[in-house]
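# Results of the structural survey
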Amino acid sequence: MIEFVKGAFMLTGASLMLLASLGLLRMPDLLTRMHATTKASALGVILIMLAVALHFGEVAVVARAVAIIIFVVMTAPIAAHVIGRAGYFVGSKLWSGTVKDELKPNYDPFTHELKSGMEAQANVERRPQQHDLD
């Protein structure tokens, strides 16, 4: 029975990593690519590490597998957020089907700072209109 569980974890983890690579190739913009790769690959690594821990069953291997799982859970979302934010700040184009850009009113392209509340309204008023740029 344990062999079946290990095999299921390995196959599911590998399938999720394949899904992450397909998401990287097929998604239309940086932000959706980051979402697809972060979620699927992190879960894939976790499942594979669980299979490794079950297979070897030694304290040292299990401890390393758990440490890898904790590391991936802590770093993957942060890394995706930082890369996505950097991409947004350098002007990476959003997908044409994007319904709402929630950062646009809060982002000052002149200082590269995010603001909130009244500061965001001042940014909107200060930002040049499209007809001024033409």
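Criteria and cut-off values
- Residues numbered from 1 in each chain as written.
- Predicted model: local features only at pLDDT ≥ 70, side-chain atom pairs only at ≥ 80, totals over all residues.
- Heavy atoms only, no water.
- 1 Å grid on protein atoms, 1.4 Å probe; cavity = no way out; pocket = protein on both sides within 12 Å on 5 of 7 lines; lining within 4 Å.
- Points joined across faces, edges and corners; volume = space filled by probe spheres on them.
- Helix = DSSP H or I, 4+ residues; strand = E, 2+ residues; numbered from the N terminus.
- Nonpolar A, V, L, I, M, F, W, Y, C, P; charged D, E, K, R; others polar.
- Buried < 20%, exposed > 50% of the residue type's maximum accessible area, 1.4 Å probe, protein only.
- Lys, Arg positive; Asp, Glu negative; His and termini not counted.
- Salt bridge = Lys/Arg side-chain N within 4 Å of Asp/Glu carboxyl O.
- Polar contact = N/O pair within 3.5 Å; in protein donor to acceptor, adjacent residues only side chain to side chain.
- Contact = heavy atoms within 4.5 Å.
- Core = buried A, V, L, I, M, F, W, Y, C linked by side-chain atoms within 4.5 Å.
- UniProt positions renumbered as here; feature names shortened; annotations may be inferred.
- Phe/Tyr/Trp six-rings, centres within 6.5 Å; stacked < 30°, edge-to-face > 60°.

This paragraph deals with the layout of surface pockets. As a volume, the second largest pocket reaches approximately 240 Å³. In this structure, the second largest pocket is lined by 15 residues; those nearest its centre are Leu31, Tyr88, Leu94, Asp101 and Leu103. Listed by contribution, the elements that provide at least two residues to the lining of the second largest pocket are helix H2 (30-56) and helix H3 (59-89). Among the elements that line the lining of the second largest pocket, the one with the most residues is H3, at 4 residues. Residue composition of the lining of the second largest pocket, grouped by class: 6 nonpolar, 4 polar and 5 charged.

What follows deals with the side chain of aspartate 29. Tracing the sequence through the fold places aspartate 29 in the loop between helix H1 (2-26) and H2. Buried within the structure, aspartate 29 lacks any salt-bridge partner; arginine 33 is the closest side chain of opposite charge, at an N-O distance of 6.6 Å. A polar atom in the side chain of aspartate 29 sits 3.1 Å from the backbone nitrogen of tryptophan 95. Setting aside residues up to four positions removed in sequence, aspartate 29 forms contacts with Lys93, Leu94, Trp95 and Thr98.

Ala42, Val45, Ile46, Ile48, Met49, Ala53, Ala65, Ile69, Val72 and Ala76 form the largest nonpolar core, which has 10 residues in total. Of all the secondary-structure elements, those providing two or more residues to this core are H2 and H3. The element contributing the most residues to this core is H2, with 6 residues. Apart from residues no more than four positions distant in its own chain, alanine 53 is found in contact with Val62 and Ala65.

Moving on, we come to the UniProt feature "transmembrane region" (unreviewed entry) in the protein. Feature annotation in UniProt assigns "transmembrane region" (unreviewed entry) to the following positions: residues 6-25, 37-56 and 62-83. Secondary structure within residues 37-56 divides into 100% helix and 0% strand; the distance between the first and last C-alpha atoms comes to 28 Å. As annotated, residues 62-83 has a helix share of 100% and a strand share of 0%, and its two end C-alpha atoms lie 31 Å apart.

Tracing the backbone through its elements, the reader meets arginine 85 in helix H3. Judged by its relative accessible area of 36%, arginine 85 falls in the partly exposed class. For arginine 85 and leucine 31, which are 54 residues apart along the polypeptide, the C-alpha to C-alpha distance reads 8.7 Å.

Let us now look at the packing of aromatic side chains. How two aromatic rings sit relative to each other is set out by the distance from centre to centre and by the angle between their planes. Summed over the entire model, instances satisfying the criterion amount to 1 aromatic pair. Ring geometry for tyrosine 88 versus phenylalanine 89: centroids 6.3 Å apart, planes at 65°, classification edge-to-face. Each of the two residues, tyrosine 88 as well as phenylalanine 89, counts as buried.

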